[in-house]
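The lines below spell out each chain.
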Amino acid sequence: MTNSKTSLIIALTLFIAFPFMAYSQGSTQPYLNLEDALRISDAAETRAKEDNWNVVIAIMDAGGHLISLKRMDGTQIGSVEIAQAKAKTAVYLKRPTKVFEDMIKQGNHHLTTLPNVTAVEGGLPIFKDGTIVGSIGISGVTSAQDGMIAEAALKAL
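Residues numbered from 1 in each chain as written. Predicted model: local features only at pLDDT ≥ 70, side-chain atom pairs only at ≥ 80, totals over all residues. Heavy atoms only, no water.

## Re the overall build of the protein
Step number 1: When you go through the protein residue by residue, the secondary structure sums to five helices and four strands.
Step number 2: For the protein, the N- to C-terminal ordering of α and β elements is α-α-β-β-α-α-β-β-α.
Step number 3: Across the 157 residues that make up the protein, the buried fraction comes to 36%.
Step number 4: For the protein, contacts bridging at least 24 residues in sequence account for 61% of all contacts bridging at least 6.
Step number 5: Counting only carbon and sulfur atoms, one obtains 58% of the accessible surface of the protein, whose full area is about 9100 Å². (Helix = DSSP H or I, 4+ residues; strand = E, 2+ residues; numbered from the N terminus. Buried < 20%, exposed > 50% of the residue type's maximum accessible area, 1.4 Å probe, protein only. Contact = heavy atoms within 4.5 Å. Areas by Shrake-Rupley, 256 points an atom, 1.4 Å probe, with all protein chains shown as cover.)

Structure (structure tokens):
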């Protein structure tokens, strides 16, 4: 190979690799790790047990991917998907699901046509240092009770 071809290959390699190296070395964005997710999930379970409530607890990362799912004994099967849907709404739209529940009660029925909107209390975004890092979704009892559990769980973070 000639020197110019070798130089071109090296230059292209650095051009492509540099942004990845720079990002990985300087990235300090907060995130939700498994330890945090389990601590939140355990706190939710503890709160639910205080009132003998059986619920499903879903914890998602900032991309809406499941980190942890816990289904307490006796919880209806349908709550598995509902808890995840609440968590997905909270992380995708960066607000509690109760916001959408309240808006629909006020007559904003068009919200039901939006993708990934579950307008039932029990989903909360999780923030660290002002950055959304994930969400929690609770389902199994009334929506207000689901919300109480989610709020109590986030105090563990």
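## So, unusual backbone geometry
Step number 1: With a phi angle near 55°, Lys94 is a residue other than glycine that sits in the positive phi range.
Step number 2: Inspection of the secondary structure assignment puts Lys94 in the loop between helix 3 (78–93) and helix 4 (97–105).
Step number 3: Lys94 sits in the exposed class, given a relative accessible area of 53%.
Step number 4: Even without being a glycine, Asn116 presents a positive backbone phi close to 60°.
Step number 5: With respect to the helices, strands and loops of the structure, Asn116 is situated in the loop between helix 4 and strand 3 (123–128).
Step number 6: In this structure Asn116 comes out as partly exposed when scored by relative accessible area, which is 36%.

Interpretation in functional terms is not warranted from these geometric data alone.
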